[in-house]
2 protein chains.
Amino acid sequence: MNKLFAGIEAGGTKFVCAIGDSSGTILNREVIPTTVPDETMPLVIKYLQDNYAKTPFSAIGVASFGPVDPDPNSPTFGYITTTPKPGWTMFNLLGALKKHFQLPMGFDTDVNGAALGEYRWGAGQGLDSLIYYTIGTGIGAGGMLSGKMMHGMMHPEAGHMFIPHDKVADAFAGVCPFHGDCLEGLASGPSIMKRWQVKSALDLPPDHEAWDLEAKYLAYAMANTVMVLSPQKIILGGGVMKQQQLFPKIRQKTVEFLAGYIKHKNIIENIDDYIVPQGLPGDSGICGAIALAENAFNNL
Amino acid sequence: MNKLFAGIEAGGTKFVCAIGDSSGTILNREVIPTTVPDETMPLVIKYLQDNYAKTPFSAIGVASFGPVDPDPNSPTFGYITTTPKPGWTMFNLLGALKKHFQLPMGFDTDVNGAALGEYRWGAGQGLDSLIYYTIGTGIGAGGMLSGKMMHGMMHPEAGHMFIPHDKVADAFAGVCPFHGDCLEGLASGPSIMKRWQVKSALDLPPDHEAWDLEAKYLAYAMANTVMVLSPQKIILGGGVMKQQQLFPKIRQKTVEFLAGYIKHKNIIENIDDYIVPQGLPGDSGICGAIALAENAFNNL
């Protein structure tokens, strides 16, 4: 029988828990609201225990909102660290699971998890490098290079990269509480709402100039991603990217900004296959958590 | 006896050829001008043949100016590709060596080579991720993440990343022929000369405002490097970085730009050990070429 794995996608508003297998099939799932650890974690553990009693799984993977400590050699490995979210600052998420399960456990950021999910079963299959961006309430990025999850000093926080901001064309100061007009400050969902004074980005018609500006800022991020990381593919997800009209605009401007400097065929000829939507819409993260469990089981 | 390795640092103005060993000791070296392949390559091959006759080496490593094709599975692996340098466009550099030597050969960009040299014997010893920037006639970057050289679609070209450019404070349009005011356009040696109308950056005293502006642009690149790549260390070399007064300015502004968002102790407490000069001044590249040979011999 196919080995089973448990995955937890720990998000700022909900925990998605699921049982899946090595084919990427999700057998069942449960969504638990993220309130405070004392409320959320018992429900997560009950889900895992109930499922383990019925169909034992071989490992647990956690893809968590952050920042987190993903370094297995660190004393705070498995912690959510400096989040401002009440109750979760320096919370030992992996430790809470280890009290109940003696199983291999994988742990990474939500966006590294989503990148891994896309790599295993989504738009990144067969590659050994890719970057995944989520563009929504915030902007986050995860990825793998040379077949390994991106880790170093800590993990990427590419949503906060600095990009050109022409204040004559766009006087908006940005919404990032740390940096003002970094990428997240200029191009996250809340920045769209505040700049255009709408309650939801959905209030802006697809041909509104907002989307040209949004595509411009995201294209700067794409160009920088190409030049700093050189991944084989860039996958864009998150609430803002449900605006499908953004994709052709982002691709066109990315090519324009690179200006013939990067002559690789992925850019010159195949940009439509280079900057792409998720292959697992809505499921990149939970599939990634299951893949983290599988990796932990296989000691990868 | 210690195994010997041959290294070639192929630069746009000179080829440095050397024989070294696994301790990073260079036993002898020769500098050959970069003119055209028909003139330069016979001298390179003669150097290698003469040395091989005296003290046989076990592998050859090449760290080359680019762009190059570093993908061993590509039909143009080992080529210098789209360089504008006369005679070297689509030149099969590794192929020219293979005609004369049946040895394991390593091949990468000059900056990835320099990063590898620093990793093996310089400022990056003991780490498994670092980024090396050279800031001179151009700006280039190489590095390793998770102990592997940075490769993906091709290789990093981080010298051309887009950064904020306040045209009110600095109306200079930049010198990059492709992008105008990308990092290289705003912060390379030629940009300093053109902006301040000097024949050499050395004509500017260490307390000239030019260095504050230079440090600002480089600090944006450092902040973006931290957020996109999260390396354990950033090493800065190249002609411009001989201006030692830049280091404290760059460190201070990088911390200022990150604005407390990245709370890692490397940034908060140890920035002096995080953004550092080369550990092998002048020799990162040739040592890296020797390390590429060693890696090829060991099948890494």
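Every chain is numbered independently, its residues counted from 1 as its sequence is written. Naming scheme: in the order in which they are written, chains are lettered from A and ligands are numbered from 1. Only residues with pLDDT of at least 70 are given local features in this predicted model, and only at 80 or more are side-chain atom pairs given and counted; all residues enter the totals for whole chains, interfaces and linings. Only hydrogens and water are set aside; all other atoms, that is, all heavy atoms of the structure, feed into the side-chain values.

J.: Break down the domain arrangement of chain A for me, citing the residues and quoting the values.
T.: Interface size, as often reported, equals the accessible area lost upon joining of the parts. All names here are of chain A. Residue ranges assigned to the domains are those given by an automatic or database domain assignment. With domains assigned, chain A is organised as domain 1 (4-110 + 282-298) and domain 2 (123-277). Relative to domain 2, the C-alpha centre of domain 1 lies at a distance of 27 Å. Across the boundary between the two partners, domain 1 contributes 6 residues, which contact 6 residues of domain 2. Put simply, buried area is the surface a 1.4 Å probe can reach on two separate parts but cannot reach once they are joined, added for both. When domain 1 packs against domain 2, the two sides together hide about 480 Å² of surface, and 61% of this comes from carbon and sulfur. Salt bridges are defined as contacts in which a side-chain nitrogen from Lys or Arg sits within 4 Å of a carboxyl oxygen from Asp or Glu. If you look at where domain 1 meets domain 2, you find 0 salt bridges. Any N or O atom pair separated by 3.5 Å or less is treated as a polar contact, with the protein-specific requirement of one donor-capable and one acceptor-capable atom, and with residues adjacent in sequence counted only for side-chain atom pairs. Our enumeration of links across domain 1 and domain 2 arrives at 2 residue pairs in polar contact (both at pLDDT 80 or more). Along the lines of polarity and charge, the residues of the side of domain 1 that touches domain 2 split into 3 nonpolar, 2 polar and 1 charged. Two residues form a contact once any of their heavy atoms are found within 4.5 Å. In this count, Pro and Cys sit with the nonpolar residues alongside Ala, Val, Leu, Ile, Met, Phe, Trp and Tyr, while Asp, Glu, Lys and Arg are called charged and the others, Gly among them, polar.

J.: Report on the interface of chain B and chain A, specifying residues and quantitative values.
T.: With 43 residues of chain B at the contact, the number on the chain A side is 43 residues. Between chain B and chain A the total buried area reaches about 3900 Å² when both faces are included, carbon and sulfur atoms providing 66% of it. Together, Met153(B), Phe162(B) and Tyr261(B) form the three largest contributors to the area buried by chain B at its contact with chain A, with a combined 21%. Viewed at the interface, chain A and chain B are joined by 0 salt bridges. Summed over the shared surface of chain B and chain A, the number is 20 residue pairs in polar contact (both at pLDDT 80 or more). Under the scheme used here, helices are H or I runs from DSSP no shorter than 4 residues and strands are E runs no shorter than 2 residues, and both carry numbers assigned from the N terminus. Put simply, the parts of the chain that give the side of chain B that touches chain A at least two residues each are β10 (148-149), α6 (209-228), α7 (246-258) and α8 (265-268) of chain B. For the side of chain B that touches chain A, the leading source of residues is α6(B), giving 6 residues.

J.: Any details on the sheet that holds strand β1 (residues 4-10) of chain B? Residues and values, ideally.
T.: Residue and element names in this part refer to chain B. Strand order across the open sheet formed by 5 strands is β3-β2-β1-β4-β7, with mixed pairing between neighbours. Single-partner strands in this sheet number two, and they are β3 (26-33) and β7 (105-109). Across the sheet, the mean angle from the axis of one strand to that of its neighbour is 15 degrees, orientation sign disregarded. Note on pairing: two strands pair once DSSP finds at least 2 bridges between them. Summarising the sheet, β1 and strand β4 (residues 60-64) pair through 5 bridges and their orientation is parallel. Each residue of the ladder has a partner; that of Gly-7, found in β4, is Gly-61. Each axis is a line fitted through C-alpha atoms, and for a helix only the stretch in contact is used; angles between axes span 0 to 180 degrees, taken between their N-to-C directions.

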